[in-house]
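# Working through the structure, step by step
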Amino acid sequence: MPRLEGFGDDLNVAVFGASGGIGEALVQSLAETRNVNRVYAVSRTICEASQFIHPIGCPEYSDQTLRDLASRLPNLDVVICAIGLLHDDTFGPEKNRSQITMQNMQKIFEVNAFLPTLIAKHMLPKLRKDRKGVFAALSARVGSISDNRLGGWYSYRGSKAALNMMIKTLAIEHGRSFKHSAVIGLHPGTVDTPLSKPFQTNMAKANLFSPDFSASRLLDVVEKVSPQDSGKIFAWDGEEILP
Ligand SMILES: NC(=O)c1ccc[n+]([C@@H]2O[C@H](COP(=O)([O-])OP(=O)(O)OC[C@H]3O[C@@H](n4cnc5c(N)ncnc54)[C@H](OP(=O)(O)O)[C@@H]3O)[C@@H](O)[C@H]2O)c1
């Protein structure tokens, strides 16, 4: 049974987007971690409960619902936001600028940048001040401006770049009073989930991770980060992704 080293004992952790491919794998992996006391699995739908998993349904994320949720939670050691959107039944990532629409941009930015920021607003004050705490939001390598060589995917790229800026800005403020904490972004690799399904056709199998593999590597990163890393974005293998 693994342990999250460097955190202490009886950890309370929360995962948002707990029914997603990566979110669910993170919940299961954390529930099997020896020093984790309780995993709060927050989702629009109710996840399955177990001895260590406490499901919380949140059909809509708003200031009000998140404030209520924060008031019901104990202090937390780790918060992971695994919410994200790339496509739905009506739209997919833009191949060129003619496919950009206001409606789709708003939707993608809302889910990928605004919701994680609102969640951070209400969850960062719940991190413990006396020992290591981590807030991590699932970002994506394509949110790196310096790494953008192919173009396309305007809304998704732009929303993840915006998320990365929010992470950096939240990290600066948070670090002033939470000296042991880190606020980071995580790139999970390309993972076999509903989000990546339509884009897996030409991928080599070896480059497509299972959600369990990705979740366990992401938790390795969470384990290793220190307050000096706050504001940075890390890939699943611990490599820093530059803005
Ligand atoms: N899969 C990949 O290859 C890949 C690559 C790079 C980055 N990422 C990032 O990793 C994160 C997790 O992705 P995934 O692959 O696990 O995707 P997924 O299986 O589609 O899960 C995404 C989850 O996000 C939440 N969500 C989606 N739309 C929402 C909305 N309108 N309001 C509130 N919550 C919403 C849902 O959580 P609930 O159902 O629990 O409410 C959904 O299950 C995302 O941020 C994604 O951008 C994934």
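Heads up: these notes are all about the structure in this document.

The rules behind these values
Residues numbered from 1 in each chain as written. Predicted model: local features only at pLDDT ≥ 70, side-chain atom pairs only at ≥ 80, totals over all residues. Heavy atoms only, no water. Patch = residues over 30% accessible without salt bridge, like charges linked within 9 Å, V, L, I, M, F, W, Y side chains within 5 Å. Areas by Shrake-Rupley, 256 points an atom, 1.4 Å probe, with all protein chains shown as cover. Salt bridge = Lys/Arg side-chain N within 4 Å of Asp/Glu carboxyl O. Lys, Arg positive; Asp, Glu negative; His and termini not counted. Charge placed at Lys NZ, Arg CZ, Asp CG, Glu CD. Helix = DSSP H or I, 4+ residues; strand = E, 2+ residues; numbered from the N terminus. Buried < 20%, exposed > 50% of the residue type's maximum accessible area, 1.4 Å probe, protein only. Near = heavy atom within 4 Å. Polar contact = N/O pair within 3.5 Å; in protein donor to acceptor, adjacent residues only side chain to side chain. Nonpolar A, V, L, I, M, F, W, Y, C, P; charged D, E, K, R; others polar. Pairing = 2+ DSSP bridges. Right-handed = clockwise from strand over helix to strand, strands pointing away. Axes fitted to C-alpha atoms, helices over the stretch in contact; angles between N-to-C directions. Left-handed = near helix turned anticlockwise from the far one by under 90°. Contact = heavy atoms within 4.5 Å.

Together, Glu24, Glu32, Glu48 and Asp212 line one region of the surface with negative charge. Mapped onto the elements, Glu32 comes out in the loop between helix H1 (21-31) and strand S2 (36-43). Using a relative accessible area of 46% as the deciding quantity, one classes Glu32 as partly exposed.

Not every one of the 29 residues close to the ligand is listed here, only the nearest: Gly21, Ser43, Tyr156, Val191 and Thr193. Gly21 places a polar main-chain atom, nitrogen or oxygen, 2.8 Å from an oxygen atom of the ligand. In this structure, an oxygen atom belonging to the ligand sits 2.6 Å away from a side-chain N or O atom of Ser43. The fraction of the free accessible surface of the ligand (890 Å²) that becomes covered by protein chains is 89%. Elements with a minimum of two residues in the shell around the ligand: H1, helix H3 (102-123), helix H4 (154-177) and strand S7 (190-191). A breakdown of the residues in the shell around the ligand according to their chemical character gives 14 nonpolar, 12 polar and three charged.

This paragraph deals with the pattern of salt bridges. Tallying each qualifying case throughout the model produces 10 salt bridges. Arg131 is the partner of Asp77 in a salt bridge, and the nearest nitrogen-oxygen pair spans 3.1 Å. On the criterion of sequence distance, the pair formed by Asp77 in the loop between helix H2 (63-72) and strand S4 (78-81) and Arg131 in the loop between H3 and strand S5 (133-138) is long-range, its members being 54 residues apart. The residues Asp77 and Arg131 share a single accessibility class, namely buried.

Let's shift gears to the pairing of S5. Among the six residues in S5, six count as buried, and that is most of the element. Neither face of S5 is exposed, since Gly133, Phe135 and Ala137 on one face and Val134, Ala136 and Leu138 on the opposite face are all buried. Across four bridges, S4 lies against S5 in parallel orientation. Bridge pairing links Val79 to Phe135 in S5. Running through H3, the crossover from S4 to the neighbouring parallel element S5 is right-handed.

When two helices pack together, their arrangement is given by the angle between the helix axes and by the axis-to-axis distance. Here H1 crosses helix H5 (residues 211-224) at 65°, and the two axes come no closer than 8 Å. For the element pair H1 and H5, the recorded crossing hand is right-handed. Along its contact with H1, which presents Gly21, Ile22, Ala25, Leu26, Ser29 and Leu30, the element H5 presents Pro211, Asp212, Ala215, Leu218 and Leu219. Taken together, the residues that form the contact of H1 with H5 break down as eight nonpolar, two polar and one charged.

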